[in-house]
Structure formats: C-alpha cells, structure tokens
Amino acid sequence: MNFTKAIQDYLTSNNLIRFTPRAALIDMDGTLYDSMPGHARAWQQMMAEIGVAIDYDEMFLHEGRTGAATIDLLMRRAFGRPASDEEMRDLYRRKTEIFAAMPPVSPMPGAAEMLNFFRMAEIKCVLVTGSGQSSLLNRLDTDFPGIFDRDMRVTSRDVVNGKPHPEPFIRAMEKAGTKSYESIVVENAPLGVEAGHRSGAFTIGVTTGPVPAEALREAGADVVFGSMTECAAELPLLVYGFITTMNNYN
Ligand code: MG
C-alpha cells in the first residue's frame, strides 16, 4: 500500500510539515482481542433476559461506547425512556458476567506483531478502551507482556464521555505526553475511529469483523487495513516510509 497521499492529506489538514508519531493509542476489543463476537452474544443474551430482542450485527456498530451509554441507548429504543442508574449498573454487571463465563477469547492475529513494531520504533503504547471488563483487562500483561504500563491505560473508569467523543484519546495523549499530531490511533470500530479522528490523531482503521472498510473511512480513518496482520506488516512503511521485514523486530 502507498501511504504518501494519506500522510500528505493528514499533514495538510493539520498544518504540519512532518509525520512524527511518538505514541500509539490502541483499542482493545476487536483490535487486540478477537472478543467482539462474544460481546455481541453477551449483549443479546442479557437483553433477551429482560425480554428485548436485539440484532447481533448491530452490536458491532455500538462497539466503543461505554456499557452505560449502550444500555441507555437500548432501553430508550425498547421502552421509550432513559435507563436508570440501577439499570445501567445491574444490566452491565449481568452482561459482564455472561461474557466472562464464555470460553476465553484469543488475541487478534497480528496484534502482538503490531505491538512489537511499536516497541522497536520506540512509539509508546497506550490502551484506550470503553470496556471495564476485567476478564480481558487482567490478561493484557500475560498476552502482551511489557507493552502497556499500568499508568498507560484509559478505561471506562477514566472518562466522562466515551467514544465517539474524543475524550478517551485526549486522556491517552495526556498520559503519553504527546500532542495529537504525534499520536496514532488504532481502532476497529466506526465509533472508535470517529473518536480518534476528532482527537486530531492520525487514525488507522482495521476491519476485523462485519463492519465494512467503507464505514471506517466515513468515520474519518486516515488509512484502513483489512486485518491486524496486514496492519502490522504495513506499519514500518507507514511510519518510516520504507519497508523492513518482520524478522528484523521479532
Ligand atoms: Mg474495538
């Protein structure tokens, strides 16, 4: 892939002369873990338990919202009223419980290679997730050792406004000590891409589920990859403007 135009467009719209990424702000579900099918099924089951049928594919479009915001949206649609605080707490707890009881999800193929590249390139990694799902958050140190320092994680607990609001990525830039134009966002969901784009970071969209590439472009992605494996393989060219081989940084 040729990234010249994507980078030039980004530099032009941000009034910059040079592409200098120093931090990577990385989503978790559907980006680092192949967890979205499980989340979608857990949302479906939780809502079915209160008598509301929801579409499996639809849940991929809500990905990135906080649990509370998702519950509020679903309750407004089903019952024509906002969710109460108790519902937001109890229903999210139930959804979390259902997800945690499912078979463990796998790291997304290509995710470790991407993180290894960022480490080699001395680009600081910050986790940026709308999730408060401890069953996955607790696995990060095991699955991706030494990548995400404890103080380099933005979760649902750290923000007032979840994605598609840019706040989660702005918090991440504060943690990394980078400006927006020194930050790269890696996201698989339209709402996450929108949040990344609005934060001013160079935003990479990766299709890892039923959401088409076009939806990520429309949400503001500067480039879109068809898989995390492709993303990992193309990152050296994107960041440095030339190609190395995977063997050089494993
Ligand atoms: Mg995601």
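The rules behind each value
- Residues numbered from 1 in each chain as written.
- Predicted model: local features only at pLDDT ≥ 70, side-chain atom pairs only at ≥ 80, totals over all residues.
- Heavy atoms only, no water.
- Helix = DSSP H or I, 4+ residues; strand = E, 2+ residues; numbered from the N terminus.
- Buried < 20%, exposed > 50% of the residue type's maximum accessible area, 1.4 Å probe, protein only.
- Arc of directions from axis to C-beta.
- Contact = heavy atoms within 4.5 Å.
- Salt bridge = Lys/Arg side-chain N within 4 Å of Asp/Glu carboxyl O.

(A) Fine view of unusual backbone geometry. In this structure, the amide linkage connecting Lys163 to the following residue, Pro164, adopts the cis form with an omega of 15 degrees. Relative to the helices and strands, Pro164 is located in the loop between β3 (153-154) and α9 (167-176). At Asn15, a residue that is not glycine, the phi angle is positive and equals roughly 60 degrees. You can see Asn15 is positioned in the loop between α1 (4-14) and β1 (23-26). Positive phi, close to 55 degrees, is recorded for Glu122, a residue that is not glycine. Locating Glu122 in the fold gives a position in the loop between α6 (111-120) and β2 (124-128). With relative accessibility at 71%, the residue Glu122 sits in the exposed group.

(B) Spatial organisation of α1. Along α1, the positions that sit buried rather than exposed are Ala6, Ile7, Tyr10 and Leu11. One side of α1 carries all its buried residues, which in axial view fall inside an arc of 130 degrees. α1 presents Lys5, Thr12 and Ser13 as exposed residues on the side facing more than 90 degrees away from its buried surface. Where α1 is buried, its residues touch β5 (202-206), β6 (223-225) and α12 (228-240).

(C) Fine view of the pattern of salt bridges. In total, this model carries 17 salt bridges according to the counting rule given. One salt bridge in this structure joins Glu214 and Arg217, with 3.2 Å as the shortest N-O distance. Highlighted residues: Glu214 and Arg217, both in helix α11 (residues 213-218), separated by three residues, approximately one helical turn. Since its relative accessible area comes to 42%, Glu214 is described here as partly exposed.

Read these as layout, nothing more, since geometry by itself doesn't imply function.
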